[in-house]
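Listed below are the residues making up each chain.
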Amino acid sequence: MTALLQHPGYDEERLKGVAEKLPCREVQAEMLLSLMGQPHQYSYPSILIYGHRASGKSHVMHVLMKELELPHATVSCVECVSIALLFEQVLLSFFGCDAPSLLPRSPSLSDFVRVYRQQCSQSPAKQTRYIVMEKAELLRDTDASLLSALLRLQELVGDNVTVILLSEIAWDKFRPNTGCFEPLLLHFPDYSKSELQQILSQNVHSSYSAGFYSAYINILLGVFYSVCRDLRELRHLAALNFSKFCEPLAEGKVKETDTHKLWKHIEPHLKKAMQTVYLREVSSLQWEQMQQMEEEEAGALRGLSAHTHVELPYYSKFLLIAAYLASYNPARTDKRFFLKHHGKIRKTNFLKKNEKTSNHLLGPKPFPLDRLLAIFYSVVDSRVAPTASIFSQISSLVTLQLLAQVSHDDQLDAPKYKCAVSLDFICAISRTVNFDIVKYLYDFL
Amino acid sequence: MSFFATESYFVQGCEDAESSETRFRLCQELWDKIKTDTEVLQDELNRKILDSLLDFTRKCSSTRQNSDWASQMRASEIPTAALMLGVNIPDHDMTFQSLSDMLKQSVSPHVASVQAKECGGKGLRHQSEILLCSPHRLCFKCPRVHRSVHCSLGILCDWYAARTKVGAQTTVGKKRSSQVRDEQQQPPVVIIFKDLEAFNPRVLQDFILICSQYIDRLPLTFIFGIATSPSTIQHMLPHSVSSLLCIELFQSLSCTQHLATVIDKLILTSHIAFKLNGKVMQVLIGVFLYHDFSVRNFIKGLQLALLEHFHSQPLSVLCCKKKKALFNVTQLSKPNLDRIRQLPSFKRYVEKQEAQEQVNLMTDDSHLKELCQQLIKDLHKYHKNYYPILRCLHTLTSSLPRYPLGKQARVLTCFPFRMLAKGELVSLLQKCVEILQLSKSKKMKNALVQLEELLARFKQLDKEIASRWYNREGGGVLNQTTLLEMNESRRAKRLSPFENLRNEALKFIDNLVKSHLSPPESQPLYEVCYYSSSATVRRHLNATPRTSIQAALSNPYHYLQNDSLKSEDGTVSNAAPDICIAYKLHLECGRLINLYDWLEAYSTVVLAAEGNDPDSEHFGKVDEVKHARFIRAVSELEFLGFIKSTKQKTDHVARLTWGGC
C-alpha cells in the first residue's frame, strides 16, 4: 500500500515516510504530488482543497511540506487579524526575519508584491514555494481584491510560488462576483468507517497490544459512528473511555482476547458518555474523576448546562421581567395588562392578522427605554424612586447579556433593547419574586 | 501631603472646629481598621476558591509535562477554569487582583488579565488584534522583535521559548536554588478573562482558535470570570470551539453569604466603637439587596456613614476605645458639654434623676464629666453584653419554622419553644454556651455558669426519663410528635419534670434577653456612637438625577443659595435664571407648546424683573438679547429631556413630562 506514492524528483525514503504518516489519504497525497510536479518545475498557481472538518486537509499539507522539506509558509487566516500579519508571516518564512521590516506600517497588497519581488530577485526560488492558507473561507471577509490577488500571485510576483487554500466550504461560495482566476479544486472526502477505525487504532496505548486497542476502537465506533463521524471528537471519546475499558483487565477478571466480556462491561458507560460528553458538558479531567468515583457520588458533579440559575438583585429581576413583557407583548396590549380600568378587551378584538402566530415563535422584539420603565413601575409592587441605580442596573443587565442593546452605543437618546432570556429562565426568576408572569403574557391569554 | 490635604477638607465646614483634628484622626484610625479587617475577611472567604484554582493551574501544567498516554491524548485541549462569581461585578476586581497576585507568586510569572472594555474598537478584526496584543502589552512585557512586526502568538511563542531556555540555564547554574522553579521548567501562561459575558463572541472564538494552534508550544491556561451561569459558555462558543477547551467549574461564595459574614464580623461586634442605627443599616442593606449585590459598595456606604458621623457630630470625639474615650471626656470643651446636655437620650436620662441631681448636671461641668465617664463605661459594657446575647437569640430562633428574627427582634416570644423537642433544645443551648464562652464580660460569665447548670440538669433528666420511658413503653426516643401528644394530654395535669425544667430555661433566657437586649436608643449618650441620619446616606448612595434637576429648576434657591431667589411656596422669582423661568412657564402648557407664546410669556416675566414699566411704549417687544436668552433656555431644556421638537406642528415643541400646574 505504501508503494503507491511514487514521484520523480523526490526522495524515495521520504515519500515512504509521508505515506506512513498519511493513512487513508494516499490518493489525495498522490494527486497533490502530481499537481505540484517536480520541485524545480513551476506548479499550478493556486489550488483549493476543501472537505469537512477533520478530513485531514491541514494534516496532509503539513506532512507533505515537512517531510519533503519544501519551502513553505503556513498561515492561518483566523490568526491574521490584519492583512499586515499575513504578509509578514509569508515574508518571514520565505526570506528570513529581515524581510518583514521592509514593509511599511500598514502595508497594502502592492507593498507586499513590491517587497516580495525585491527579495525574490536577491534569492530566486530554486524550487516551488508554497503558501498554505488554512481556514481560507475567512478571506472572503477581507478586502475583495486580496483573494483574487492571492489566486494569481505567481503571475504578480513572477516567482515559482503556489498558493494552496484549505477550506471547509466549496468554491462556489467563494467566487467573487467580479470573477477571478479559477484555482484547481481538490476535494477531500469524509473518512469511511473502516478508515476511521484504521486511523484511530494508531493511537495505541503503549502498555497494551495493538489488537486489543483496535478491538476497543471497534466497539467505540459501533456505538458512536451513527451519531458522530468527526475524527477529533471520536479521538476525544476514545481517550476518555479507555481507562474504563481496561478496568476488568487490571482487576484480572478478563483476558485481553475476551472481547465479549469487555463489551458487556463498557457498553453502559459508552451509552452514558453519549448523553453527556458529546456536548463537552464536563471537562475530560472531571469525566475521569467521575468514572473513578462510585456511582452514587457521580450525581454531584453536574454539567455546565445544569447550572442555569442566576441570582439577581430584587429590582434587576423586575427590570428583566418588564423587559421580557415588553419584548413579547405587542405595545398596543400594554393598556390591557397594566391599566387598572382597561375595560373589557378580549383577545379576539384586538387580534391582528399577523399576530396570530405566537410572539414566542417570532422571537423578542425591540422596545424603547421609556416603555421598559413604564412597565417596570407598574409591575414592581412598591413605589420606586427613579434613581441612578435603577438605570445602571439596566446597563449591567446588558453587560451580563440578559438584555441586548439594539440601537447603536452612541445613541444616548431613547436607546432600544431586546430581552435575551428564555421563557423558562424568566419563569424561574418571576417565581422567586412571586410574580405570575404567564398572566401578563399576550401569548398565553 | 495627601493626609493633610484631606484633613483640611475634613476640617472645612466642620461643626466644631477645635476637636475636628482629633475627630479626623479617630475617623482615620477606625476606617483603617475596618479596611484591613474587611480585606483580611475577604481573603479568608476567597481562600478556598483561590486555592483550588491554583491547584488547578498547577495540575494542568504538570500533566502537560508528563507524558502518559491519557495526557498525550488530551494535549490539544486548553485547560480552562470557569470561575463563577455572581452578578456583583464591582466586587470581582478584588478577587481577580488577589488571584493574579497569588498566581504570580506561586505558579507562574506569566499572568495576563484581559477585560472586555479594553478590547473594544471598531470592527471584529480590530478587536481581535487588541485581544492578541493584550497579553504582550499587559504582563509579559515582551520586547517586540522588530519594530514593524505586529503582535502575534507566534512571536509570543518564540519569546516564551527563549525565556524558558534562559530560565532553565540559570536555575541549573544556581545549583537548584529553588525547588519550585525546578519543577516548573515550563510555567504556564495564564490568561484571565475578567468578564466573559462582555466579550464579543466572535472575537473570543477566534482567539481560542488561534491559541489552540499554539498549545503544543505554549502552555496556555484560561480562566473565565463568569457573572451569570456556566451555560453562557455554551451560548457564546460553538461546539467546534468549545471542544478545544477542557473546562472545569469553580463556584465562588454567594454574595449574600459574603455580606452576612462581613456584617457579622464588622458590625455585630463590640470591637469597633462606631455603630449604625437600624434605619441606616436598612438603607445600606436595601441598596445591597435591591440594587447591586455588591459588598464593596456596602463597605463604601459604611465608610460614608463613618465620615459623615465624625464630620457632623462634634461629640464623636467620644466614639473610640474605652480608655481614650474616658480621657477625651476630660478634655471636653464648654460648648461640647452643652451639646451633651442637649442630647435627647441624655435629657431622658436626666429627667429620671432626682431634682437636686438634675440641677447639678445642668450647671456643674465637672460633675457632668464624671457622669459622662460613667455613662461611657456603661455603654461599652452594654455593647459587650448585647452582641453575645443577640447571637444566642439568633441561634435559638434561626431553626424555628417561619420565625426569622433579624436584628430588630428584641422581645422573645416564648411560645414556639413549647414545640421544641428536648434534644433540639439541649443542642441549641449548647451552642449558646459556646457563644457565651467567647465573651469576657462578668455578666456573661455569670450567665454562662447558670446556663451550664441548666444543661447539666437537662442531661440528668435525660437519664431519668430514659429509664422511666424504657420501663413504660419499651424504650423510646423523645421526638417532636410524642412531645406534642404529651402536651395535649397533660395540659391540665401536673407538669412533667422536663416541662418544668424547660419553663425554667425559657424564663432564664427571657430574663437574659430582656435585660441585655434593650434597644440602643434607650441608652444614654448613644448618639455618640450611633450614626442615625439615614436620609443623608440614602441621598448620597441612591442618587436621583431627575429629582435633583427638577428641584434645581423649580427651586433654584436650593442650590444657588442667593437671597434674591428666595420665594414663597412653589413660585419662581423673576430674578431666577432663564432656564428656571422657561421651565416654570412650560409647566403651564399642554402637550404641545407654541414657541411664540412661550417667548412672549418669557419676555414679560423678564421685563417685570428688570423693573420696566408695563405701560411704556417698548413693553412687549422682544429685543435680540432676550430672544437669544430664550432660545438658549429652550435648547437647554431640550438637552435635559423635557421637550423635543415635533413634526406634528411647525413652531411647536412637544412636552416629554407630565404634570405641572
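Residues numbered from 1 in each chain as written. Chains lettered and ligands numbered in written order. Predicted model: local features only at pLDDT ≥ 70, side-chain atom pairs only at ≥ 80, totals over all residues. Heavy atoms only, no water.

## Topic: the overall build of chain A
Where we set the bar: Elements are defined by DSSP. Helices are runs of H or I of four residues or more, strands are runs of E of two residues or more, and each kind is numbered from the N terminus. Only protein chains enter the accessibility calculation, which uses a 1.4 Å probe; a residue whose area is less than 20% of its type maximum is buried, one above 50% is exposed, and one in between is partly exposed. Contacts are assigned to residue pairs with any non-hydrogen atoms lying within 4.5 Å of each other. Under the convention used here, a 1.4 Å probe and the Shrake-Rupley method define accessible areas, while residue burial counts only the protein chains that appear.
Counting its regular elements, chain A contains 19 helices and 8 strands. A buried classification covers 50% of the 445 residues belonging to chain A. Sequence-distant contacts in chain A: of pairs separated by 6 or more residues, those separated by 24 or more amount to 70%. Carbon and sulfur atoms make up 53% of the accessible area of chain A, which amounts to about 21700 Å² in all.

## Points about the overall build of chain B
Scanning chain B for helices and strands turns up 29 helices and 10 strands. A burial count over chain B gives 47% of its 661 residues as buried. If you take every contact in chain B between residues at least 6 apart in sequence, the share linking residues at least 24 apart comes to 73%. If you sum the accessible surface of chain B, you get close to 34300 Å²; carbon and sulfur atoms cover 53% of it.

## Describing the confidence of the model for chain A
Under the convention used in this document: The quantity known as pLDDT measures the predictor's confidence residue by residue, on a range of 0 to 100.
Chain-level statistics for chain A give a pLDDT mean of 82 and a share of 88% at 70 or above. Every residue in residues 294–300 of chain A is under pLDDT 50, and counting partners more than four places away or in other chains gives 3 contacts.

## Considering the nonpolar core
Residue and element names in this part refer to chain B. Threshold: Among the buried residues, those of types Ala, Val, Leu, Ile, Met, Phe, Trp, Tyr and Cys that are joined through side-chain atoms within 4.5 Å form a nonpolar core.
One finds Phe-274, Leu-276 and Phe-346 to be the most contacted residues of the largest nonpolar core, which totals 120 residues. Top contributing element to this core by residue count: helix α18 (residues 365–398), with 12 residues. Look past the residues within four positions of Phe-346 in its chain and what remains in contact with it is Ile-340, Arg-341, Leu-361, Leu-368, Leu-371, Leu-375 and Leu-525.

## A few points about the environment of B:Gln450
Among the secondary structure elements, B:Gln450 is positioned in helix α20 (residues 442–473). Sequence-wise, B:Gln450 and B:Glu636 are 186 residues apart; in three dimensions their C-alpha atoms are separated by 73 Å.

## As for the packing of helix α12 (residues 278–292) of chain B against helix α13 (residues 295–312) of chain B
All names here are of chain B. Selection criterion: Angular values range over 0 to 180 degrees, each being the angle between N-to-C directions of two axes fitted as lines to C-alpha atoms, with helices fitted over their stretch in contact. Between 65 and 115 degrees an angle is taken as roughly perpendicular, under 35 as roughly parallel, over 145 as roughly antiparallel, and anywhere else as oblique. By definition, any crossing whose near helix is turned counterclockwise from its far helix by less than a right angle is left-handed, and any crossing with a clockwise turn is right-handed. All residues other than Ala, Val, Leu, Ile, Met, Phe, Trp, Tyr, Cys, Pro, Asp, Glu, Lys and Arg, Gly among them, are scored as polar; the first ten of these are nonpolar and the last four charged.
At a closest axis distance of 10 Å, the pairing of α12 and α13 adopts a crossing angle of 155 degrees. If you check the angle between α12 and α13, you find them roughly antiparallel. The handedness of the crossing between α12 and α13 is right-handed. On α13, the residues that touch Met-281, Leu-284, Ile-285, Phe-288 and Asp-292 of α12 are Val-295, Asn-297, Phe-298, Gly-301 and Leu-302. In terms of residue class, the contact of α12 with α13 is made up of 7 nonpolar, 2 polar and 1 charged.

## Things to note about the sheet that holds strand β1 (residues 46–50) of chain A
Residue and element names in this part refer to chain A. Inclusion rule: For two strands to be treated as a pair, DSSP must find at least two bridges joining them.
Taken together, 5 strands build an open sheet; the order of strands is β2-β3-β4-β1-β5 and the sheet is parallel. The open sheet terminates on both sides in strands that have one partner only, identified here as β2 (72–76) and β5 (184–187). When the angles between neighbouring strand axes are averaged without regard to direction, this sheet yields 20 degrees. Here strand β3 (residues 129–134) runs beside strand β4 (residues 161–167); their pairing, made up of 5 bridges, is parallel. Directly across from Ile-131, in β4, lies its bridge partner Val-163. Each of β1, β2, β3 and β4 touches helix α3 (residues 57–67); the most contacted strand, β4, lies at about 150 degrees to it.

## Here's the deal with the state of the cysteines
The condition is simple: Two cysteine sulfurs form what is called a disulfide whenever their separation falls within 2.5 Å.
What the rule picks out here adds up to 0 disulfides over all chains. With no disulfide of its own, A:Cys228 lies 17 Å from the sulfur of A:Cys24, the closest cysteine sulfur. Overall, A:Cys228 belongs to the buried group, its relative accessible area being 1%. Cysteine B:Cys211 is unpaired, with the sulfur of B:Cys157 as its nearest cysteine sulfur at 9.3 Å.

## As for the sheet that holds strand β9 (residues 643–645) of chain B
All names here are of chain B. Strand order in the open sheet made by the 3 strands is β8-β10-β9, with antiparallel pairing throughout. Edge positions in the sheet fall to β8 (592–594) and β9, since each has one partner strand and no second. Neighbour-to-neighbour, the strand axes of this sheet turn through a mean angle of 35 degrees, independent of strand direction. Both β9 and strand β10 (residues 652–655) contribute to a ladder of 3 bridges, which runs antiparallel. Residue pairing for β10: Lys-644 is matched across the bridge by Ala-654.

## With respect to the confidence of the model for chain B
Residues and elements named next belong to chain B. In this model, chain B carries a mean pLDDT of 75, and residues with pLDDT of at least 70 account for 73%. The spread of mean pLDDT over the elements of chain B runs between helix α7 (residues 179–183), the lowest at 43, and helix α29 (residues 624–640), the highest at 91. Throughout residues 138–148 the model reports pLDDT below 50, and contacts reaching past four residues in sequence, or to other chains, amount to 25 contacts. Across residues 171–183, where pLDDT falls below 50, the model places 9 contacts with residues more than four positions away in sequence or in other chains.

## Details of the packing of aromatic side chains
Residues and elements named next belong to chain A. Quick note on the threshold: Ring geometry is summarised as follows: Phe, Tyr and Trp rings, the Trp one being its six-membered ring, pair when their centres sit within 6.5 Å, and such pairs are stacked at plane angles under 30 degrees, edge-to-face over 60 and tilted between the two.
For the structure on display, the rule yields 44 aromatic pairs over all chains. Seen in terms of ring centroids, Tyr-44 and Phe-181 are 5.9 Å apart; in terms of plane orientation they differ by 35 degrees. Their pairing is tilted. Taken together, the positions of Tyr-44 in the loop between α2 (26–36) and β1 and Phe-181 in the loop between β4 and β5 put the pair 137 residues apart, joining distant regions of the chain. You can call Tyr-44 partly exposed: its relative accessible area is 31%. Arranged with centres 6.0 Å apart and planes meeting at 65 degrees, the rings of Phe-112 and Tyr-116 form a pair that is edge-to-face.

## Some words on the pairing of strand β3 (residues 189–193) of chain B
Residue and element names in this part refer to chain B. As a reminder, the rule being used: Seen with its strands pointing away from the viewer, a crossover is right-handed when the path leading from the first strand over the helix to the second is clockwise.
Counting buried positions over the 5 residues of β3 gives 5, a clear majority of the element. The pairing of strand β2 (residues 111–114) with β3 spans 4 bridges and is parallel. In the sheet register, Val-111 faces β3, and the bridge partner there is Val-190. With helix α8 (residues 201–213) bridging β3 and the parallel strand β4 (residues 220–226), this β-α-β connection has right-handed handedness.

## Some remarks on the side chain of B:Thr228
Inclusion rule: By the criterion applied in these results, polar contacts are pairs of N or O atoms within 3.5 Å in which, for protein atoms, one can donate a hydrogen and the other can accept it, and in which residues neighboring in sequence qualify only through two side-chain atoms.
With respect to the element layout, B:Thr228 can be found in the loop between β4 and α9 (231–236). For B:Thr228, the side chain forms a polar contact with the side chain of B:Glu197, separated by 2.6 Å. With near-sequence residues (within four places) excluded, B:Thr228 lies in contact with A:His309, A:Val310, A:Leu400, A:Leu402, B:Met84 and B:Glu197.

## Re the pairing of β3(A)
Among the 6 residues of β3(A), 6 are classified as buried, and the element is accordingly described as predominantly covered. Of the two faces of β3(A), both are covered, the one formed by A:Arg129, A:Ile131 and A:Met133 as well as the one formed by A:Tyr130, A:Val132 and A:Glu134.

## Structural notes on unusual backbone geometry
Residue and element names in this part refer to chain A. Phi angles above zero are rare outside glycine, and Cys-24 is one such case at about 65 degrees. Looking at where Cys-24 falls in the secondary structure, it is placed in the loop between α1 (12–21) and α2. A relative accessible area of 8% means that Cys-24 is categorised as buried. Located in the positive-phi region is Ala-54, a residue other than glycine, with phi close to 55 degrees. When you line up the elements, Ala-54 lands in the loop between β1 and α3. For Ala-54, a relative accessible area of 24% puts it in the partly exposed group.

## Some details on a positive patch on the surface
Residues and elements named next belong to chain B. As a reminder, the rule being used: A patch consists of residues whose relative accessible area exceeds 30% and which take part in no salt bridge; residues with like charges are grouped when within 9 Å of each other, and nonpolar side chains (Val, Leu, Ile, Met, Phe, Trp, Tyr) when within 5 Å. A pairing counts as a salt bridge when a side-chain nitrogen of Lys or Arg comes within 4 Å of a carboxyl oxygen of Asp or Glu. Asp and Glu count as negative and Lys and Arg as positive, but His and the ends of the chain are not part of the count. Charged groups are reduced to one reference atom each: NZ for lysine, CZ for arginine, CG for aspartic acid, CD for glutamic acid.
Taken together, Lys-322, Lys-377, Lys-381 and Lys-384 make up a surface patch of like positive charges. A per-element tally of the positive patch places α18 first, with 3 residues. Residue position: Lys-381 is located in helix α18. The partly exposed category is assigned to Lys-381, whose relative accessible area is 45%.

## So, helix α11 (residues 255–267) of chain B
Residues and elements named next belong to chain B. Keep this limit in mind: How far a helix is expected to stretch is found by multiplying one less than its residue total by 1.5 Å. To obtain the arc, one takes the directions from the helix axis to the C-beta atoms.
In this model, α11 (13 residues) spans 17 Å end to end at C-alpha, consistent with the 18 Å of a helix rising 1.5 Å per residue. Within α11, burial applies to Cys-255, His-258, Leu-259, Val-262, Ile-263, Leu-266 and Ile-267. For α11, the buried positions fall inside an angular range of 135 degrees around the axis, keeping them on one side.

## A few points about the packing of helix α15 (residues 334–342) of chain B against helix α16 (residues 344–352) of chain B
Residues and elements named next belong to chain B. It is the contact of α15 with α16, at a shortest axis distance of 5 Å, that shows an interaxial angle of 70 degrees. What the angle tells us is that α15 and α16 run roughly perpendicular. From α15, Ile-340, Arg-341 and Gln-342 reach across to α16, where they touch Pro-344, Phe-346 and Lys-347. Looking at the contact of α15 with α16 residue by residue, the classes come out as 3 nonpolar, 1 polar and 2 charged.

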